[in-house]
Amino acid sequence: MTKPSSNFDHDHLISIADLSINDITTILDLAAYYAAKLEAKADLSNVLKNKVFLTLFFEDSTRTLTSFEMAAKRLGGQVINLNLKTSSLNKGETFHDTITTLNAMHPDGMIVRHSEFGAPKVISTMSDCPVINAGDSWNEHPTQALLDALAMRNHFGKLEGLTVAIIGDIAHSRVASSNMKLLTKMGASVRIIAPPILMPEKLPSENIEKFTDLKSGIKGADVIITIRPQKERMQSALIEDNTYFDDYGLSKEKLGWAKESAIVLDPGPFLRNVQISDDLADDTKQFHYLKQVSGGVATRMAVLDLLAGKK
Amino acid sequence: MTKPSSNFDHDHLISIADLSINDITTILDLAAYYAAKLEAKADLSNVLKNKVFLTLFFEDSTRTLTSFEMAAKRLGGQVINLNLKTSSLNKGETFHDTITTLNAMHPDGMIVRHSEFGAPKVISTMSDCPVINAGDSWNEHPTQALLDALAMRNHFGKLEGLTVAIIGDIAHSRVASSNMKLLTKMGASVRIIAPPILMPEKLPSENIEKFTDLKSGIKGADVIITIRPQKERMQSALIEDNTYFDDYGLSKEKLGWAKESAIVLDPGPFLRNVQISDDLADDTKQFHYLKQVSGGVATRMAVLDLLAGKK
Amino acid sequence: MTKPSSNFDHDHLISIADLSINDITTILDLAAYYAAKLEAKADLSNVLKNKVFLTLFFEDSTRTLTSFEMAAKRLGGQVINLNLKTSSLNKGETFHDTITTLNAMHPDGMIVRHSEFGAPKVISTMSDCPVINAGDSWNEHPTQALLDALAMRNHFGKLEGLTVAIIGDIAHSRVASSNMKLLTKMGASVRIIAPPILMPEKLPSENIEKFTDLKSGIKGADVIITIRPQKERMQSALIEDNTYFDDYGLSKEKLGWAKESAIVLDPGPFLRNVQISDDLADDTKQFHYLKQVSGGVATRMAVLDLLAGKK
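Residues numbered from 1 in each chain as written. Chains lettered and ligands numbered in written order. Predicted model: local features only at pLDDT ≥ 70, side-chain atom pairs only at ≥ 80, totals over all residues. Heavy atoms only, no water.

## Notes on the overall build of chain A
- A count of helices and strands for chain A gives eleven helices and nine strands.
- By residue count, 64% of the 311 residues in chain A fall in the buried class.
- For chain A, the share of sequence-separated contacts (at least 6 apart) that also reach a separation of at least 24 residues comes to 74%.
- Accessible surface, chain A as shown: approximately 11900 Å² in total, 48% of it carbon and sulfur.
- The positive charge centre, built from 34 side chains, and the negative charge centre, built from 38, are 5 Å apart in chain A. (Helix = DSSP H or I, 4+ residues; strand = E, 2+ residues; numbered from the N terminus. Buried < 20%, exposed > 50% of the residue type's maximum accessible area, 1.4 Å probe, protein only. Contact = heavy atoms within 4.5 Å. Areas by Shrake-Rupley, 256 points an atom, 1.4 Å probe, with all protein chains shown as cover. Lys, Arg positive; Asp, Glu negative; His and termini not counted. Charge placed at Lys NZ, Arg CZ, Asp CG, Glu CD.)

Now the structure itself:
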């Protein structure tokens, strides 16, 4: 298997909006390559040899942080996890000075999660090294959208022409935001399904259809992405778990309303019997969540390699 | 020095009960080999090259976590420490889904400490990679029993025929539990010495003798293992520190009741002048605690190699 | 570029007081060598291959910990970060036993930060491996003084004959303490400028001049080091931020009182408009803070190599 050639001319990965169709295809091709290499337990430790990445997670995370760390280490890179809850920030240093200080240590990349909208973008303007957005507020989570796209492409062989329905707390979800941008760009038809109170005011594309009714929203869908109510980003509890399941939770029975070949994705962590019934959650044929997780490591390997690997 | 050949056919290390006499000998032989290699400062970085381990410590630990991390890194492996206190668990994800998510990132092993009895076993049923029990509640701590056995074998040349007395909070101790299983299996005579309130109701073997009196319990013993009162696992304070030392604390003087050649082990952390007097704690000829710690790294190297090394 | 030969005969780096003029020159020469190698993105991963360092930070730190970790990893070393806030210390183990336990795992070095004066020295007496003081109370922070010296030497080509004024909370600053020792030893003229309440009672050298007036203190200075009020080490707030800036804060205008070629250093984190005005903080020609940070990684690489590298 030959490594796909790439022509990826970006310094950072901040937003799906910055990526062309070619860029996205480049990332997905390389991700598929790395997925196969991981499957074959190939020695990839030379790809990011001598590279040291900083993870700047201003918000707690287990899965995304571990996935990035796994990706870097599989490629021979090193990772320094900063404990930003107990950092010098509380000694009165400005955010700008914290970032330029870290940048002056010349890391080979910074992987940033932040609760403030746009923080990774701001950090990228202060840094000489690649900055990767690992999720900022409800703005963007580009590697999640890329790994979701990889899961869809792996199953259907393409993204163009697919009908993708995103259910749930669209208003507060950076995953939904990045997915809407990526999928419309790649020629998929996108629908969002949410209770009015969780429906966003502005959408990234005019071609996105809005539904408040689950049944009509998923009719004919190839892919359904469920999005957890992001209670940590709501001012107050906008919804009740049990009502939510009745109206917007997915079960094997309700999935029958979509195409017979439909698959379900979720960025995780997912709430059983709030977003997804147990019977569906445990059906790996239709619920591709674990494939997303596996492909997520390969996707992040591709991103790290394209931004920080030897060029 | 040739690496001992091994015939170790286990996917996980959950309990001493799962190991045969041959398995235990295999681990101890390889541990002794790695101890000698460490002593010679040999380059072992190829043994676990490209292997990435997750540490899942749901309970705080310094020594065991550091020992495993040192073992992996001495063999060229990488380690990702998960911060499970701040994980997605509190976003409503089930334990099962957290574990299968981590497993889907395809680590080469998971090292698990958990406050719930049996959790590592449950995790092993959800995982494709080796799971190593680094201590679960008062159930088992198999690598501790193995490193204790290594310390005994290093000193006496054998385990069979030794008389081993375990003093202290047997009821709440996973170390005592694993040691009783291992030592009876390997042909040692095992005695336990505890105040009635800290005496376990069930014992893993019929051949274990119970004593409430220290003097008669350690008479003729080759090895004495002291076990700290596990206050964090008691419903309420069952014992007082000063009374405890009078009745069950060990000093050089009381050690005279055992064989003249007797050695003392402790899994640490140990409480001076509660479990062990200062004069004994500082006598490295009789108190082999630091030898246990050093051998612990070698023991964990052996376990990691047998479970995750190239076969 | 040839690696400078070294004749560095120390087991630990605890205090600047332990270093000769030759030792300091050796460290700075090697630091300059590593700075050039980093600039050239050279592969240095063999220097500390198979070396595993423990970081024992009993006080929070972001920059120093990250800088040491970066230094070790750039040289191919491995790092184990101990979480000492949640360690066995609170299970009743003595400090001595915690340290000897870690030492028995045979790390290749321990990097220690502690809030107690002299703790790294005590640890070094209990350890077989190199111990590096990464800051202890208001006693010493030797690698900070070394990286400050590197920044001065890079700019002026020498240390001898320079006039260095240190402004601020000298009484509570380990950085000022280490700098006073290093600079007087290397033939610089040292002045300290502080309000009476933050002036130390004892000074490490008789040749240090004391000033309470900023203007007369920085007159003719080549280098000015600003030191943050160390509120975390004051019994109560001894100074007010706004008064402080009027009397001891530095601006571009006040810097005019020093030599025209003067540069300003700060160990960071620095407080804008308390210690340093925004206009000065953002002038990288005069404020060499980021050069200090970059040189700090190279300085720590030199120290780790000299103490733990293959000899």
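## Focus on helix α3 (residues 95-104) of chain B
- α3(B) sits mainly inside the fold: eight of its ten residues count as buried.
- Regarding α3(B), the residues found buried are B:D97, B:T98, B:I99, B:T100, B:T101, B:L102, B:N103 and B:A104.
- The elements touched by buried residues of α3(B) are α2 (63-74) and α11 (289-308) of chain A together with β1 (52-57), β3 (109-114) and α4 (119-125) of chain B.
- Two residues or fewer past α3(B), B:H106 is found with a positive phi of approximately 55°.

## Considering the side chain of A:D108
- Within the element layout of this structure, A:D108 appears in the loop between α3 (95-104) and β3 (109-114).
- When residues no more than four places from it in sequence are discounted, the contact partners of A:D108 are A:N50, A:K51, A:V52, A:F53, A:C129, A:P130, A:A308, C:K41 and C:R74.

## Let's talk about the relation of the copies chain B and chain A
- You can overlay chain B on chain A at an RMSD of 0.0 Å; the transform is a turn of 120° with a shift of 0.0 Å along its axis. The two molecules are tied by a three-fold rotation axis, judged by turn and shift. Every residue of chain B has its C-alpha some distance from the rotation axis, and the shortest such distance is that of B:Q78, at 5.3 Å.
- Interface residue correspondence from chain B to chain A reaches only 4%, placing this contact among heterologous pairings that use different surfaces. (Least-squares fit on C-alpha atoms with pLDDT ≥ 70 in both.)

## Quick word on the interface of chain B and chain C
- The interface is formed by 25 residues belonging to chain B together with 27 residues belonging to chain C.
- When chain B packs against chain C, close to 2300 Å² is buried across both sides, 53% of that on carbon and sulfur atoms.
- Applying the counting rule to chain B against chain C returns four salt bridges.
- Between C:D108 and B:R74 there is a salt bridge, with its nearest N and O atoms 2.9 Å apart. (Buried area = accessible area lost by both parts, 1.4 Å probe. Salt bridge = Lys/Arg side-chain N within 4 Å of Asp/Glu carboxyl O.)

## Overview of the confidence of the model for chain A
- Across chain A, pLDDT averages 94, with 95% of residues at or above 70.
- Overall fold confidence for the complex sits at a pTM of 0.96, while the interface term, ipTM, reaches 0.96. (pLDDT = per-residue confidence, 0-100.)

## Focus: the interface of chain B and chain A
- In this complex, chain B contributes 27 residues to the contact, which on the side of chain A involves 26 residues.
- Of the roughly 2300 Å² buried between chain B and chain A, counting both surfaces, carbon and sulfur atoms make up 53%.
- Considering only the side of chain B, the residues that lose the most area to chain A are B:I80, B:K91 and B:M105, jointly responsible for 28% of the buried surface there.
- Our count for the contact surface shared by chain B and chain A stands at four salt bridges.
- Between A:R272 and B:D97 there is a salt bridge, with the nearest N and O atoms lying 2.6 Å from each other.
- Linking chain B with chain A are eleven residue pairs in polar contact (both at pLDDT 80 or more).
- Elements supplying a minimum of two residues to the side of chain B that touches chain A: β1, β2 (78-81) and α3 of chain B.
- Here the side of chain B that touches chain A gets six residues from one element, more than from any other, and that element is α3(B). (Polar contact = N/O pair within 3.5 Å; in protein donor to acceptor, adjacent residues only side chain to side chain.)

## Comments concerning the pattern of salt bridges
- Inspection of the entire model under this criterion finds 40 salt bridges over all chains.
- For the salt bridge of A:E69 with A:K73, the shortest nitrogen-to-oxygen distance reads 2.9 Å. Here A:K73 and A:E69 lie together in helix α2, a separation of four residues that amounts to about one turn. Just as A:E69 is buried, A:K73 falls in that class too.
- Notably, a salt bridge pairs B:K259 with B:D222, separated by 2.9 Å at the nearest N-O pair. Taken together, the positions of B:K259 in the loop between α9 (252-255) and β9 (263-265) and B:D222 in the loop between α7 (214-218) and β8 (223-227) put the pair 37 residues apart, joining distant regions of the chain.
- Among the residues examined, B:K259 registers a relative accessible area of 39% and is labelled partly exposed.

## Some remarks on the domain arrangement of chain A
Residue and element names in this part refer to chain A.
- Structurally, chain A comprises domain 1 (16-140 + 295-308) and domain 2 (142-292).
- Spacing between the C-alpha centres of domain 1 and domain 2 amounts to 25 Å.
- On the side of domain 2, 27 residues touch domain 1, which itself brings 30 residues to the contact.
- When domain 1 packs against domain 2, the two sides together hide about 2300 Å² of surface, and 60% of this comes from carbon and sulfur.
- Sorting the residues of domain 1 by area buried against domain 2 places I16, L28 and W138 first, and these three jointly supply 28% of that buried surface.
- In this structure, the connection of domain 1 to domain 2 is made through three salt bridges. (Domains from an automatic or database assignment.)

## Examining the sheet that holds strand β9 (residues 263-265) of chain A
Residues and elements named next belong to chain A.
- With parallel pairing, the five strands of this open sheet are ordered in space as β7-β6-β5-β8-β9. For this open sheet the edge positions go to β7 (209-211) and β9, each flanked by a neighbour on one side alone. Each strand of the sheet is rotated relative to its neighbour by a mean of 20°, with strand direction disregarded.
- Of the pairings in the sheet, the one linking strand β6 (residues 189-193) to β7 comprises three bridges and is parallel in character. Across the sheet, R191 pairs through a bridge with E209, a residue of β7.
- The strands touched by helix α5 (residues 142-156) within the sheet are β5 (163-168), β8 (223-227) and β9, with β9 carrying the most contacts at an inclination of about 165°. (Pairing = 2+ DSSP bridges. Axes fitted to C-alpha atoms, helices over the stretch in contact; angles between N-to-C directions.)

## Observations concerning the environment of C:K259
- The spacing of C:K259 and C:L214 is 45 residues in sequence and 14 Å in space, taken between C-alpha atoms.
- Those residues in contact with C:K259 that lie beyond four places of it in its chain are C:G220, C:A221 and C:D222.

## Here's the deal with the environment of A:G168
Residues and elements named next belong to chain A.
- Relative to the elements of secondary structure, G168 occurs in strand β5.
- Separated by 18 residues in sequence, G168 and L150 have C-alpha atoms that sit 21 Å apart.
- Dropping the residues within four chain positions of it, G168 is found in contact with I193, A194, P195, L198, I227 and Y244.

## Thoughts on the pairing of β5(A)
Residues and elements named next belong to chain A.
- Here β5 lies mainly inside the structure; six of its six residues are buried.
- As judged from the five bridges shared by β5 and β6, these two strands associate in the parallel manner. Looking across to β6, one finds that A165 is bridged to R191.
- Where the polypeptide runs from β5 across helix α6 (residues 174-185) and back to β6, its parallel neighbour, the crossover connection is right-handed.
- Here five bridges tie β5 to β8, and the two strands are oriented parallel to one another. The partner of V164 across the bridge, within β8, is V223. (Right-handed = clockwise from strand over helix to strand, strands pointing away.)

## Regarding the pairing of β8(B)
Residue and element names in this part refer to chain B.
- For β8, the buried fraction is high: five of the five residues fall into the buried class.
- Neither face of β8 is open: one carries V223, I225 and I227, the other I224 and T226, and all of them are buried.
- In this structure, β8 lies alongside β9, joined through three bridges in parallel fashion. Each residue of the ladder has a partner; that of V223, found in β9, is I263.

## Regarding the packing of α2(A) against α11(A)
Residue and element names in this part refer to chain A.
- One can describe the packing of α2 onto α11 by two numbers: an axis separation of 8 Å at closest approach and a directional angle of 50°. Judged by the angle between their axes, α2 and α11 are oblique. The chirality of how α2 crosses α11 is right-handed. Within the contact between the two elements, α2 uses R63, T64, S67, F68, M70, A71, A72 and R74 and α11 uses Y289, G296, V297, R300, M301 and L304.
- Taken together, the residues of the contact of α2 with α11 sort by class into eight nonpolar, three polar and three charged. (Parallel < 35°, antiparallel > 145°, perpendicular 65-115°, else oblique. Left-handed = near helix turned anticlockwise from the far one by under 90°. Nonpolar A, V, L, I, M, F, W, Y, C, P; charged D, E, K, R; others polar.)

## Section: the environment of C:H106
- Looking at the secondary structure, you find C:H106 in the loop between α3 (95-104) and β3 (109-114).
- Beyond its immediate sequence surroundings of up to four residues, C:H106 is in contact with B:M70, B:R74 and B:S294.
- At 3.4 Å, the side chain of C:H106 forms a polar contact with the side chain of B:S294.

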